[in-house]
Amino acid sequence: MKVHKVINNNFVIVKDVYEMIVMGMGIGFKKKPGDQVEENKIIKTFYLSNDEIRCELYQLLDEVPMELIQLIEDILTDFREKTGRQLNDTIHLSLIDHLNSAILHDKEGIYITNALLYDIKRFYPEEFRYGKALLDDVNRIYGTKLPEDEAGFAALHIVNAELNDGENQTYKITCFMKEILRIVHRFFRIEFDEESPYYYRFTTHLKFFAQRIINKKMHPENKKEELFTEIAKMYPNVYLCVSAIVKFVQKEYKEEVGEEEQLYLMIHISKLLKNTRKS
């Protein structure tokens, strides 16, 4: 593995089939193009397919402390390994840039309020947990006093990278989820147990349901007429609630919700009802 370009003492670009960024303490020190990379110093390798993101990241790596980048990458690696979910390349750029700016703002006593914090905790608990772990590490290592709002922002960056959507798209998805939960809450007069696995499974389903509706990418129907009819008869009130959701989607998003999707919603809501109490 040979150096293609030196970014700084701790980052070099290598080129094989694809261009890659290699991170390691002192890995670029006194190196020049064509020199051999000391592979025992490699801590992290970045494969970025998008040319624009790669160029922006080159500049950012030259400005941001290596310790912060390693901290972020350790959290993201743990997230991928523990959840089995893939993250879009943009996460490297967006999260590093955001946290570096937050640390600089902390020195000036500038803190940004996260208006979606409550909803992020409700709808994306796993992502928020990783965002909180990252925030705690940053505050401990850098002596900053960044508020919990920043954990919410970090979680949103992870969600964006999971969904492969921008921040505006994630905001729309969150609003969609809030409205569906509001329909269920009003219909059954229940208080959700947000620590319940049934609530987590339902909101996870809603997240991807919302994404399909907003992006107008509903899956082709696999007919399950017999099962659909059976579940609707078993849980008539749940069926009526799902019908209200269908009408909402038709009215606000001009999208049709097929029987298969309605079936999944009925199953999730019926399980949720069995494990929540009325308000």
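Remember, it's a predicted structure, so these values are computed and weren't measured experimentally.

> Describe the pattern of salt bridges, with residues and values.
Side chains bearing opposite charge may pair, as long as their charged atoms lie close to each other. All chains considered together, the criterion is met by 17 salt bridges. Here E179 makes a salt bridge to R182, at a shortest N to O gap of 2.6 Å. Here E179 and its partner R182 are both found in helix α7 (residues 167-188), 3 residues apart, which amounts to about one turn of the helix. On the accessibility criterion, E179 (23% relative accessible area) is partly exposed. We note a salt bridge from K216 to E255, for which the minimum N-O separation is 3.4 Å. With K216 in the loop between α8 (197-214) and α9 (225-234) and E255 in the loop between α10 (236-253) and α11 (259-274), this pair connects stretches of sequence that are 39 residues apart. A residue is classified by how much of its surface remains accessible, and E255, at 14% relative accessible area, is buried. Members of the salt-bridge network, linked through shared partners, are R85, E126, E127, E162 and K207.

> Give a detailed account of the pairing of strand β1 (residues 3-8), specifying residues and quantitative values.
Where β1 and strand β2 (residues 11-15) come together, 4 bridges link them in antiparallel fashion. Following the sheet pairing, N8 is matched in β2 by F11.

> Give me the lowdown on helix α5 (residues 125-142), citing residues and values where you can.
The end-to-end C-alpha distance of α5, which contains 18 residues, comes to 25 Å, matching closely the 26 Å that a straight helix rising 1.5 Å per residue would cover. Those residues of α5 not exposed but buried are E126, E127, F128, Y130, G131, L134, L135, V138 and N139. Structurally, α5 contributes buried residues whose contacts are with α2 (66-83), α3 (90-107), α4 (117-123), α6 (148-163) and α8. Phi turns positive, to about 70°, at G143, one or two residues after α5.

> I'd love a proper account of the sheet that holds β2, names of residues and values included.
Taken in spatial order, the 4 strands of this open sheet run β1-β2-β3-β4, and their pairing is antiparallel. Of all strands in the sheet, those bounded by a partner on one side alone are β1 and β4 (44-47). Put simply, the sheet's adjacent strands are angled 25° from each other on average, direction ignored. Note: β2 against strand β3 (residues 19-23), 5 bridges, orientation antiparallel. Bridge assignment links K15 to a residue of β3, and that residue is E19. Contacting β1, β2 and β3, helix α1 (residues 51-61) crosses the sheet at an angle of about 20° to β3. In the packing of α2 onto the sheet, the strands contacted are β2, β3 and β4, and the crossing angle to β4 comes to about 75°.

> Account for the environment of L61, with residues named and values stated.
By the secondary structure assignment, L61 is in helix α1. A relative accessible area of 0% places L61 in the buried class. Once the C-alpha coordinates of L61 and A151 are considered, the two residues, 90 residues apart in sequence, prove to be 22 Å apart. Excluding anything up to four places from it in sequence, L61 contacts I7, N8, F11, I21 and I69.

Scoring rules and cut-offs
- Residues numbered from 1 in each chain as written.
- Predicted model: local features only at pLDDT ≥ 70, side-chain atom pairs only at ≥ 80, totals over all residues.
- Heavy atoms only, no water.
- Salt bridge = Lys/Arg side-chain N within 4 Å of Asp/Glu carboxyl O.
- Helix = DSSP H or I, 4+ residues; strand = E, 2+ residues; numbered from the N terminus.
- Buried < 20%, exposed > 50% of the residue type's maximum accessible area, 1.4 Å probe, protein only.
- Pairing = 2+ DSSP bridges.
- Expected span 1.5 Å × (residues − 1).
- Contact = heavy atoms within 4.5 Å.
- Axes fitted to C-alpha atoms, helices over the stretch in contact; angles between N-to-C directions.

Read these as spatial facts, not as claims about activity.
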